[in-house]
Amino acid sequence: MHIARGNIKVGDEVAVTAVVRGRVTPDRVSVTIPSYNFPHSVVESTLKAVIGQNMEVTGTVTRVDGDKVTVSLRPLVTVDAEYVRLVESYVAPKGKTRLVDKA
């Protein structure tokens, strides 16, 4: 899954596909995230996840640095941009009223 650079920006909600490695506790599973070389676990309390199953984890982009994207999956996870899929683009709030006292 390749995306064009520049499509992902800070604040966007993105998804990363992870592969289930095994159950750690009754409510958490250990997953492997492509291009992230550290162990990671996520909450999965349905007890239906099986080893080898793909699972999408979503988070907010906190940094974009070239072809690397840092996503807040609690903790921050930096992955190659090609493994990230845009779920919802961040739209800055529109300030229609001024915050200045007119009195």
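Residues numbered from 1 in each chain as written. Predicted model: local features only at pLDDT ≥ 70, side-chain atom pairs only at ≥ 80, totals over all residues. Heavy atoms only, no water.

### A few points about the pairing of strand E1 (residues 13–25)
Consecutive residues of a regular strand have side chains that alternate between opposite faces of the sheet. As paired strands, E1 and strand E4 (residues 54–65) are joined by seven bridges and run antiparallel to one another. The partner of Val14 across the bridge, within E4, is Gly59. Where E1 and strand E7 (residues 84–88) come together, four bridges link them in antiparallel fashion. Each bridged residue has a counterpart across the sheet, and for Glu13 the counterpart in E7 is Glu88. Note: E1 against strand E2 (residues 28–32), five bridges, orientation antiparallel. If you follow Val19 over to E2, its bridge partner there is Thr32. (Pairing = 2+ DSSP bridges. Helix = DSSP H or I, 4+ residues; strand = E, 2+ residues; numbered from the N terminus.)

### Quick look at the confidence of the model for the protein chain
Scored by pLDDT, the protein chain comes out at a mean of 87, with 88% of its residues at no less than 70. Low confidence marks residues 1–5, where pLDDT is under 50. Its contacts with residues over four positions away, or in another chain, come to ten contacts. (pLDDT = per-residue confidence, 0-100. Contact = heavy atoms within 4.5 Å.)

### So, the pairing of strand E5 (residues 68–72)
Judged from the five bridges that link them, E4 and E5 form a sheet pairing that is antiparallel. For Val61, the partnering residue across the bridge sits in E5 and is Val71. Following E4, the chain reverses through two residues before pairing antiparallel with E5; Gly66 in that reversal takes a positive phi of roughly 65 degrees. Relative to strand E6 (residues 76–80), E5 runs antiparallel, the two sharing five bridges.

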